[in-house]
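# Observations on the model geometry
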Amino acid sequence: MNKIKIAFFDTKPYDKKSFDEENTNFNFDISYFDSKLTGQTVSLTHGFDVVCAFVNDTLSSGVLEALKQNGIKLIAMRCAGYNNVDLKKAYKNVHVVRVPAYSPYAVAEHAVAMMLTLNRKTHKAYSRTRDNNFSINGFLGFDMHGKTAGIIGTGKIGQKIMSILNGFGMEVLAYDKFPKNDLEKSLDFEYTELASLYLQSDIISLHCPLNAETRHIISKKSIEKMKDGVMIINTSRGGLIDTQALLDNLKTGKIGAAGLDVYEEESDYFFEDFSSQILTDDVLARLLTFPNVLITSHQAFFTKEALGNIAETTLHNIKDYFEKDKLPNEICYRCDSDSCLKEKLGRCF
Ligand code: NAD
């Protein structure tokens, strides 16, 4: 049998390293493309069986149609989120699998790193002391102990962050559209409505998926309900925050600090080096001027353990597609409803 051919998009050196290592157990024929998958680059997929894509690849209706025409049978997302895939268009045209969890610890720990950095200004202290400046003016922080954290989304990552913040002695409140009430006792937090979470929280951290309902969950209106000086952390997806509203409220001081590992318009910039170029995104450029804003470039997942798990699960998903009836990590637009066929068929269609 011919080797299964995989077109791998948006490749970085660390992807190639982890997938090449893991592929010694699978023996797939992987071609690594530096470019992102877009309407322009989709022609590269001709002759392949599988496309392996990441968070900023474009899997719009038009791209999916072209993939189908090119004979692609499977899209293997090497990430958990799939907001960039037109799942309605994919249904019955091409199967889509993902990596539902690769290290909730990695993302939760990064979110906490952002909180600590913004609170205690260690990023600024690092530069200051290297310049022989040992003044601590401007570095005043607050005890996290005794403060209230509001967690939106109590899934795999939300649960890990709640455990960490409990360890700091914070009061933890949470909101989830689908609350898991049995968790409240074991993880020592309290579910509450969004309005009350906004009203009480000193730090708000987002851990829900991006979809039509959660887009701009942090908006002008919701910010109005928050405490003055609130810290907002987003390691989920940029579209959860209305960035203009965030900017406006950073300017007035209503928002005291923001830690952003994701950004609405990140696909043009994140993961790339623009250090010798002019930023044309005025909103991103403005955000970068605030001393109380910390932006990282979608790196919350980026640990050795997570990269290994991503490669292993992605290649297993591909093997399952070709060798087994059941595809446990398949996703479709019906997965959130009772009409999804996965339980009955083992696959979504
Ligand atoms: P998960 O599916 O385990 O948990 C998501 C939680 O959000 C669930 O409990 C779900 O019930 C809840 N939810 C769904 N709709 C909601 C709504 N309207 N309001 C509030 N809560 C809602 O997912 P996870 O593994 O914890 O990941 C969370 C998010 O983190 C992902 O969607 C992904 O976008 C993001 N992520 C980011 C990185 C990164 O590197 N920055 C890495 C992995 C995941």
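The shown structure was predicted, so the numbers you read here are calculated from the model rather than taken from an experiment.

## What about the overall build of the protein?
- Scanning the protein for helices and strands turns up 13 helices and 12 strands.
- Its C-alpha atoms put the protein at 65 × 50 × 35 Å along the principal axes.
- In the protein, which comprises 349 residues, the proportion classed as buried is 50%.
- Nonlocal contacts in the protein, meaning residues at least 24 apart in sequence, comprise 64% of its contacts between residues at least 6 apart.

## Quick notes on the pattern of salt bridges
- Here the structure, examined in full by the defined rule, presents 15 salt bridges.
- With its nearest N and O atoms 3.7 Å apart, the salt bridge here joins lysine 220 to glutamate 224. Note that lysine 220 and glutamate 224 are positioned in helix H9 (residues 220–224) at a spacing of 4 residues, about one turn of the helix. Glutamate 224 carries the same exposure label as lysine 220, and that label is exposed.

## Brief notes about the site of the ligand
- If you check the shell around the ligand, you find 23 residues, and the closest are Lys156, Ile157, Asp176, Lys180 and Thr235.
- A distance of 2.6 Å separates an oxygen atom of the ligand from a polar atom in the side chain of aspartate 176.
- Serine 236 has a polar side-chain atom sitting 3.4 Å from an oxygen atom of the ligand.
- Within the complex, the protein chains bury 88% of what would otherwise be the 860 Å² of accessible surface of the ligand.
- A class-by-class count of the residues in the shell around the ligand yields 9 nonpolar, 8 polar and 6 charged.

## Describing the pairing of strand S1 (residues 5–8)
- Inspection of the sheet shows S1 paired to strand S2 (residues 29–32) by 4 bridges, in the parallel sense. Opposite alanine 7, over in S2, you have serine 31 as the bridge partner.
- Here S1 pairs with strand S3 (residues 50–53) via 3 bridges, running parallel. The residue bridging phenylalanine 8 from the neighbouring strand is cysteine 52, located in S3.

## Let's talk about the sheet that holds strand S4 (residues 74–77)
- Read across the sheet, 5 strands follow the order S2-S1-S3-S4-S5 without closing on themselves; strand pairing throughout is parallel. Lying at the two open borders of the sheet, with one neighbouring strand each, are S2 and strand S5 (95–97). Between one strand and the next, the sheet's axes are offset by a mean angle of 20 degrees, whatever the strand orientation.
- Most of the contacts of helix H1 (residues 13–23) go to S2, to which it runs at about 175 degrees, and overall it touches S1 and S2.

## Structural notes on helix H4 (residues 104–120)
- Its 17 residues give H4 an end-to-end C-alpha distance of 24 Å, which sits within 8% of 24 Å, the value for a rise of 1.5 Å per residue.
- Among the 17 residues in H4, 12 count as buried, and that is most of the element.
- Pro104, Ala106, Val107, Ala108, His110, Ala111, Val112, Met114, Met115, Thr117, Leu118 and Asn119 are the residues of H4 that are buried.
- Buried-residue contacts for H4 involve helix H5 (122–130), helix H6 (156–167), strand S9 (203–206), strand S10 (230–234), strand S11 (255–260) and strand S12 (293–295).
- The first or second residue beyond H4 is lysine 121, which carries a positive phi of 60 degrees.

## With respect to the domain arrangement of the protein
- The domain architecture assigned to the protein consists of domain 1 (5–102 + 304–345) and domain 2 (104–295).
- Between the C-alpha centres of domain 1 and domain 2 the distance comes to 29 Å.
- Summing both partners gives a buried area of about 930 Å² for domain 1 against domain 2, and 54% of it is carried by carbon and sulfur.
- Linking domain 1 with domain 2 are 2 salt bridges.
- Between lysine 36 and glutamate 272 there is a salt bridge; the shortest N-O distance is 3.9 Å.
- For the side of domain 1 that touches domain 2, the per-class residue count stands at 6 nonpolar, 3 polar and 3 charged.

## Brief notes about the sheet that holds S12
- Strand order in this open sheet of 7 strands is S8-S7-S6-S9-S10-S11-S12, and the pairing throughout is parallel. With one partner strand each, in any of the chains shown, strand S8 (190–191) and S12 form the two edges of the open sheet.
- Both S11 and S12 contribute to a ladder of 3 bridges, which runs parallel. Pairing of leucine 260 across the sheet is with isoleucine 295, part of S12.
- Sitting on the sheet, H6 touches strand S6 (148–152), strand S7 (171–175) and S9, and the angle it makes with S6 is about 175 degrees.

## Regarding the packing of H1 against helix H12 (residues 304–323)
- Running from amino to carboxyl end, H1 crosses H12 at an angle of 55 degrees, the nearest separation of the two axes being 9 Å. Regarding the angle of H1 to H12, the classification is oblique. In the packing of H1 onto H12, the handedness of the crossing is right-handed. The segment H1 lies against H12, with Tyr14, Ser18, Phe19, Glu22 and Asn23 engaging Leu307, Ile310, Ala311, Glu312, Thr314 and Leu315.
- Split into classes, the residues belonging to the contact of H1 with H12 amount to 6 nonpolar, 3 polar and 2 charged.

Parameters and conventions
Residues numbered from 1 in each chain as written. Predicted model: local features only at pLDDT ≥ 70, side-chain atom pairs only at ≥ 80, totals over all residues. Heavy atoms only, no water. Helix = DSSP H or I, 4+ residues; strand = E, 2+ residues; numbered from the N terminus. Buried < 20%, exposed > 50% of the residue type's maximum accessible area, 1.4 Å probe, protein only. Contact = heavy atoms within 4.5 Å. Salt bridge = Lys/Arg side-chain N within 4 Å of Asp/Glu carboxyl O. Near = heavy atom within 4 Å. Polar contact = N/O pair within 3.5 Å; in protein donor to acceptor, adjacent residues only side chain to side chain. Areas by Shrake-Rupley, 256 points an atom, 1.4 Å probe, with all protein chains shown as cover. Nonpolar A, V, L, I, M, F, W, Y, C, P; charged D, E, K, R; others polar. Pairing = 2+ DSSP bridges. Axes fitted to C-alpha atoms, helices over the stretch in contact; angles between N-to-C directions. Expected span 1.5 Å × (residues − 1). Domains from an automatic or database assignment. Buried area = accessible area lost by both parts, 1.4 Å probe. Parallel < 35°, antiparallel > 145°, perpendicular 65-115°, else oblique. Left-handed = near helix turned anticlockwise from the far one by under 90°.

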